Amino acid sequence: MNFRPIVAGLASVIVMTSALAAEQVLNADVVVVGAGAGGTVAAAGAQEAGLKTVLLEKNAVVGGNGNYMEGSYAVGSSVQKKAGVTLTEEDSFNEIMNYHHWKSNAPLIRRFVSETAKTIDWIEAHGIKFEEVTSMWPEKREAKNLTWHIYPGKHGSSLIAGMVKTFKEKGGTLLTETPAKELLMKDGRVAGVVAYNKEGDKVTVHAKNVILATGGYLEDDKMVEKYGAVPALPNGSLGHTGDGIKMAMSAGAVPDNMGLIIYNGAFMPVPGEALCEGPNGQLRALFRQGFLNVNHVGDRFFNEEKTREWPFSSNAIQREGEVFVVFDADTAEELKTSGYLVQCGLYIRSGAPADKFDQLIAANEKNGNAFVGNSIEEVAKKAGMDPARLAHSARMMTEYAKKGHDDQFGKDPKFLRKVDKAPFYIVRGKLHALASGNGVKVTEFMEVVDKDDRIIPGLYAIGHDAGGVYGDSYDLKVGEGTASSFAINGGRIAVKNILGEYDAEKK
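Residues numbered from 1 in each chain as written. Predicted model: local features only at pLDDT ≥ 70, side-chain atom pairs only at ≥ 80, totals over all residues. Heavy atoms only, no water.

Asker: Is there a simple way to explain the sheet that holds strand β8 (residues 173-175) in this structure?
Answerer: In sheet architecture, strand pairing relies on hydrogen bonds along the backbone and comes in two forms, parallel and antiparallel. Strand order across the open sheet formed by six strands is β8-β4-β3-β12-β20-β19, with mixed pairing between neighbours. The open sheet terminates on both sides in strands that have one partner only, identified here as β8 and β19 (447-449). Averaged over all pairs of adjacent strands, the angle between strand axes in this sheet comes to 30°, irrespective of strand direction. As paired elements, β19 and strand β20 (residues 455-461) share two bridges and run antiparallel to each other. Note on β20: the bridge partner recorded for E447 is Y460. Packed on one face of the sheet, helix α15 (residues 482-498) meets β3 (30-33), β12 (209-212), β19 and β20 and runs near 170° to β12. (Pairing = 2+ DSSP bridges. Helix = DSSP H or I, 4+ residues; strand = E, 2+ residues; numbered from the N terminus. Axes fitted to C-alpha atoms, helices over the stretch in contact; angles between N-to-C directions. Contact = heavy atoms within 4.5 Å.)

Written out as structure tokens, the structure reads:
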């Protein structure tokens, strides 16, 4: 049998063989399950602090959704101070809690907020310099209420690469394509995990501390439905099937407001593309522009300006499952010349022209994601809609645009566009999501607890494996990048707790 080589670093390794299988046994202080943003930060911090650490990743590449994040939330950082931002921890904490109607775990959120500035400075000390602190909301930029710290190149992969580099240089053990399958327990506390590599060999990691950072359960439709949510297409990386949450529950963990999914509106479905990044980004950005949106029969069903605030528009889209953007030749020409009305993340800016519009429409006509017709009835038939109902929706939108007022939903006039000039276009979208929101119940120090709030010794959950973060919606407008920030700060909090840095506070 071919055995997969392991670079052990500081972790001790024993390899046992038989005629049928091989088992690799590693001994460490900490095992981190999941090499996304939170997991790589936790692993780098632990190894750097002298803890023998093993980092397991089920995919062939590290980073997960962390590779797609543009920036992370923080308050009180040196980057903000240089930019003249005066927002306080207390004000930001209360803004977050009020948004979630105090359904969040208040001590956990307060701890998270208080750590964010230190984490930004810690990341910069590792050579990863943030480009700026900003907001996608003009009103927040004007008020200098800025909390979104943008990674180098506007890409979270820079953070992942930096953390993995630190982890390896300090002697950490990284095993990719090695998903953890079972949590080991001994005398009521965590004792490690059992994983399997791509050859099917068993990998047992003995450790007194396990940090679960597997990214939640978005892609396990049964779990999504069990907790009362609607399945959606994932944006970004794959593999978020609730592994960490299931392992935690096997040790007695309980859910904390699970069922919240971080939906981010509709996008043209293209596997492997996230948000408006990727070859089809210019068409995916149409779902943020506030143009006429209809359901599968051709009826308008919400105020399209809310596509900017996708936690809200997602609630409307959940009722339909699909959404179609409808526009005409004049709007297409506007996109190609004057550019987009609304930015889509940091990938497509407002005012940027859609210079690939024609070729992308032609390519996506072939795969059933785009439709073009010389009349509204013709394009409706191509898209499988009721021609009369779509014609009615287009006629009403044209009337609203001419008089500058949306009689139905009161949409901001700047998003009103006539739909009366051939050719007519329809682009198909489906409900997408970034991740599941809440996971298992944890303390403010990321320690997993059971149904009686008793700590399960040595077990930690961070990022989307941890619960108590959100109420009923993602807090996009309160602070962009809170999901990634909670993950990386959770990783640092867990490691600090393992090191005893909070012991004095607990007395």
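Alright, that's what it looks like, and here's the rest.
Asker: What is the right way to read the state of the cysteines from this model?
Answerer: A covalent bond between the sulfur atoms of two cysteines is what we call a disulfide. Applying the stated criterion across every chain, the model contains one disulfide. Covalently, C276 is tied to C344 through a disulfide, its sulfur atoms 2.0 Å apart. Where C276 bonds to C344 through sulfur, the torsion about that S-S bond is close to 70°, and the disulfide is right-handed. Note that C276 is positioned in the loop between β14 (261-267) and α9 (281-284) and C344 in the loop between α11 (329-337) and α12 (357-366), a separation of 68 residues in sequence. On the basis of relative accessible area, C276 is assigned to the buried category, the value being 4%. (Disulfide = S-S within 2.5 Å. Buried < 20%, exposed > 50% of the residue type's maximum accessible area, 1.4 Å probe, protein only.)

Asker: Got a minute to help me understand the packing of aromatic side chains in this structure?
Answerer: Aromatic rings in a pair are described by how distant their centres are and how their planes are angled relative to each other. Tallied over the entire structure, the rule returns 13 aromatic pairs. Between the aromatic rings of F291 and F327, the centroid separation amounts to 6.3 Å while the plane-to-plane angle is 40°, which identifies the pairing as tilted. Of this pair, F291 sits in the loop between α9 and β15 (292-294) while F327 sits in strand β16 (residues 322-327), and the two are 36 residues apart along the sequence. For the residue pair F291 and F327, the accessibility class agrees, reading buried in each case. Here the aromatic rings of W310 and Y474 are separated by 5.7 Å at their centres, their planes lie at 10°, and the arrangement is stacked. (Phe/Tyr/Trp six-rings, centres within 6.5 Å; stacked < 30°, edge-to-face > 60°.)

Asker: Can you help me understand the packing of helix α1 (residues 37-48) against α15 in this one?
Answerer: Relative placement of two packed helices is described by the angle separating their axes and the distance separating the axes. Running from N to C, α1 and α15 cross one another at 30°; their axes reach a closest spacing of 7 Å. Classified by the angle their axes make, α1 and α15 are roughly parallel. For the crossing formed where α1 meets α15, the hand is right-handed. Within the contact between the two elements, α1 uses A37, G38, V41, A42, G45 and A46 and α15 uses A487, I488, G491, R492 and V495. By residue class, the composition of the contact of α1 with α15 is seven nonpolar, three polar and one charged. (Parallel < 35°, antiparallel > 145°, perpendicular 65-115°, else oblique. Left-handed = near helix turned anticlockwise from the far one by under 90°. Nonpolar A, V, L, I, M, F, W, Y, C, P; charged D, E, K, R; others polar.)

Asker: Sorry, what's going on with helix α3 (residues 89-99) here?
Answerer: Every α-helix winds through 3.6 residues per turn, so residues three or four apart in the chain are directed the same way. Regarding α3, the residues found buried are S92, F93, I96, M97 and Y99. Along the axis of α3, the buried positions cluster into a sector of 165°, meaning they face one direction only. Turning to α3, the residues buried within the fold contact β5 (71-73), α4 (106-125) and α10 (310-318). (Arc of directions from axis to C-beta.)

Asker: Before we go on, may I ask you to explain the environment of R319 in this structure?
Answerer: Along the chain, R319 turns up in the loop between α10 and β16. For R319, a relative accessible area of 73% corresponds to the exposed category. Expressed as a C-alpha distance, the spacing of R319 and N264, which sit 55 residues apart in the sequence, is 14 Å.

Asker: For this particular structure, what's the right way to read the pairing of β20?
Answerer: Every other side chain in a regular strand lies on the same face of the sheet, so the side chains alternate between the two faces. Burial within β20 is extensive, with five of its seven residues counted as buried. Sheet analysis places β12 next to β20, joined by three bridges and oriented parallel. In the strand pairing of β20, L212 is matched with A461. Counted along the chain from β19 to the antiparallel partner β20, the turn is five residues long, and its residue D453 has a positive phi close to 65°.

Asker: What is the right way to look at the nonpolar core in this model?
Answerer: Burial of nonpolar side chains together is a common tendency in soluble globular proteins. Core analysis: the biggest nonpolar cluster contains 137 residues, and I211, M446 and L459 have the highest contact counts within it. Leave out the neighbours within four places in its chain, and L459 touches L183, V190, V210, L212, A248, A251, M446, E447 and V448. Among the nonpolar cores identified, the runner-up in size contains 19 residues, and L292, F324, I376 and M385 belong to it. (Core = buried A, V, L, I, M, F, W, Y, C linked by side-chain atoms within 4.5 Å.)

Asker: Sorry if this is basic, but what is going on with the side chain of S237 here?
Answerer: Here S237 shows up in the loop between β13 (233-234) and α8 (243-250). Look at S237 and you get buried, because its relative accessible area is 13%. For S237, the contacting residues outside a window of four places in its chain are G64, N65, Y68 and E219.

Asker: Any chance you could explain the packing of α3 against α4 here in plain terms?
Answerer: Closest axis-to-axis distance for the α3/α4 pair is 10 Å, and the angle between their directions is 140°. When the interaxial angle is binned, α3 and α4 end up oblique. When the axes of α3 and α4 are compared, the crossing they make is right-handed. From α3, E89, E90, F93, I96 and M97 reach across to α4, where they touch A106, I109, R110, V113 and S114.

Asker: I tried to follow unusual backbone geometry on my own but got confused; where do I start?
Answerer: Apart from glycine, the bulk of residues carry a negative phi angle, and the bulk of peptide bonds sit in the trans form. P423 follows A422 through a cis peptide bond whose omega is 0°. Here P423 lies in the loop between α14 (387-403) and β18 (424-436). Residue E177 is not a glycine yet carries a positive backbone phi of 50°. The topology assignment puts E177 in the loop between β8 and β9 (180-186). Since its relative accessible area comes to 26%, E177 is described here as partly exposed.

Asker: Sorry if this is basic, but what is going on with the environment of E131 here?
Answerer: Counting through the fold element by element, E131 comes out in the loop between α4 and β6 (132-134). Under the relative-accessibility criterion, E131 is labelled partly exposed at 40%. Each C-alpha atom of the pair E131 and F93 lies 24 Å from the other, and the pair is 38 residues apart in sequence. In contact with E131, not counting residues within four places along its chain, are I150, Y151, P152, G153 and K154.

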